[in-house]
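Coordinate analysis (summary)
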Amino acid sequence: YAQNGTHWANAQGFQNTSSYQIGADTTTLRINSIRLPINILYKYEINSKWKVFVGVGPYIAKNLGGTEKGVYTSFDNTTGAESFVPINNTLKLNSNQSYSISGNSNVTAFDFGMDILLGFSYKKFDVSASWNRGFTTIYHTSYVNLGNQFWNFTVGYTILGHKRKPKL
């Protein structure tokens with residue numbers, strides 16, 4: 001399970017009519033997903049307790065939904081008055097263009113990308129950090145195309161399993 005997202009402040013270019021000039025959107029986008037990484041690891045044994053490893057591989061993620069929350073600010077051309085429209089949308093799973101002011105916040109159903117990771121092991125504990133880059137545009141408007149790029153930090157413990165030495 002992973003939760004990714006972004007926050008943008010004063011992103012312009014969402015509305016332009018005869019009575020309103022272009023306003024600004026300040027929102028926080030949260031995307032919930034199930035991600036399956038398939039990494040190839042190379043592990044180097046320093047001694048019987050310590051090991052270091054590096055890895056690379058693709059991932060596929062199924063987006064489950066999420067939220068977009070924030071506020072849209074616009075300015076009336078005739079009076080100069082400022083107005084605020086709250087945004088509190090549930091993300092829909094489709095690849096249509098998002099227009100959060102009217103309640104349409106969309107995210108694609110699937111994401112695909114790659115991981116690059118490194119870490120170390122001490123006995124049965126693993127600590128790793130990975131950089132992940134998505135190749136899919138998962139959220140887009142007329143002015144914005146967003147994809148995933150994130151860091152992931154993991155701590156693990158091996159419950160089952162043991163070290164196997166190959167027979168030569």
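Description of the structure in this document. (Residues numbered from 1 in each chain as written. Predicted model: local features only at pLDDT ≥ 70, side-chain atom pairs only at ≥ 80, totals over all residues. Heavy atoms only, no water.)

So, about the overall build of the chain. On a plain count of helices and strands, the chain comes out with 0 helices and 12 strands. When its helices and strands are written in sequence order, the chain yields β-β-β-β-β-β-β-β-β-β-β-β. The principal-axis extents of the C-alpha atoms in the chain amount to approximately 85 × 25 × 20 Å. Counting across all 168 residues of the chain, residues that qualify as buried make up 33%. Of the contacts formed within the chain by residues at least 6 apart in sequence, a portion of 58% connects residues at least 24 apart. (Helix = DSSP H or I, 4+ residues; strand = E, 2+ residues; numbered from the N terminus. Buried < 20%, exposed > 50% of the residue type's maximum accessible area, 1.4 Å probe, protein only. Contact = heavy atoms within 4.5 Å.)

So, on to the packing of aromatic side chains. Overall, the coordinates contain 7 aromatic pairs when judged by the stated rule. Grouped by ring-pair contacts, the aromatic residues Trp-50, Phe-120 and Tyr-122 constitute a single cluster. Just above the ring of Tyr-59 sits the side chain of Arg-35; from NZ or CZ to the centre is 5.8 Å. Above the face of the Phe-110 ring, Lys-62 is positioned so that its terminal group lies 5.4 Å from the ring centre. (Phe/Tyr/Trp six-rings, centres within 6.5 Å; stacked < 30°, edge-to-face > 60°. Lys NZ or Arg CZ within 6 Å of the ring centre and 35° of its normal.)

For Ser-100, the location among the structural elements is in the loop between β6 (92–93) and β7 (106–107). A relative accessible area of 3% means that Ser-100 is categorised as buried.

To continue, consider the pairing of strand β8 (residues 110–122). Taking every second residue as pointing to the same face, the buried face of β8 carries Asp-111, Gly-113, Asp-115, Leu-117, Gly-119 and Ser-121, while none of Phe-110, Phe-112, Met-114, Ile-116, Leu-118, Phe-120 and Tyr-122 on the other face is buried. Summarising the sheet, strand β4 (residues 50–75) and β8 pair through 13 bridges and their orientation is antiparallel. In the strand pairing of β8, Val-56 is matched with Ile-116. Where β8 meets strand β9 (residues 125–134), 10 bridges bridge the pair, whose relative direction is antiparallel. Its bridge partner lying in β9, Phe-120 is registered against Val-127. (Pairing = 2+ DSSP bridges.)

Moving on to the pairing of strand β5 (residues 82–90). Pairing of β4 with β5, which is carried by 9 bridges, proceeds in the antiparallel orientation. When the bridges of β5 are listed, Glu-68 appears paired with Asn-89. Linking β4 back to β5 in an antiparallel pair, the connection comprises 6 residues, with Gly-80 at a positive phi of about 80°.

The next subject is the environment of Phe-84. Among the structural elements, Phe-84 can be located in strand β5. A sequence separation of 10 residues divides Phe-84 from Ser-74, and the C-alpha atoms of the two residues are 6.6 Å apart. The residues contacting Phe-84, other than those within four sequence positions of it, are Val-71, Tyr-72 and Thr-73.

Another aspect to go through is the nonpolar core. Ranked by size, the top nonpolar core spans 7 residues in total: Trp-8, Leu-29, Ile-31, Leu-91, Val-107, Ile-138 and Tyr-139. In this view, Trp-8 contacts Asp-25, Thr-26, Thr-27, Leu-29, Glu-68, Tyr-139 and Leu-146; residues no more than four positions away in its chain are not counted. (Core = buried A, V, L, I, M, F, W, Y, C linked by side-chain atoms within 4.5 Å.)

Attention shifts here to the environment of Phe-125. Considering the arrangement of structural elements, one finds Phe-125 in strand β9. Classification of Phe-125 by relative accessible area gives partly exposed; the value is 46%. Separated by 34 residues in sequence, Phe-125 and Ile-159 place their C-alpha atoms 9.7 Å apart. In contact with Phe-125, other than residues within four places in its own chain, are Phe-120, Gly-156 and Tyr-157.

As a further point, take the environment of Val-56. Within the fold, Val-56 resides in strand β4. The spacing of Val-56 and Thr-6 is 50 residues in sequence and 25 Å in space, taken between C-alpha atoms. Contacts of Val-56, omitting those with residues within four sequence positions, involve Ile-38, Asn-39, Ile-40, Met-114, Asp-115 and Ile-116.

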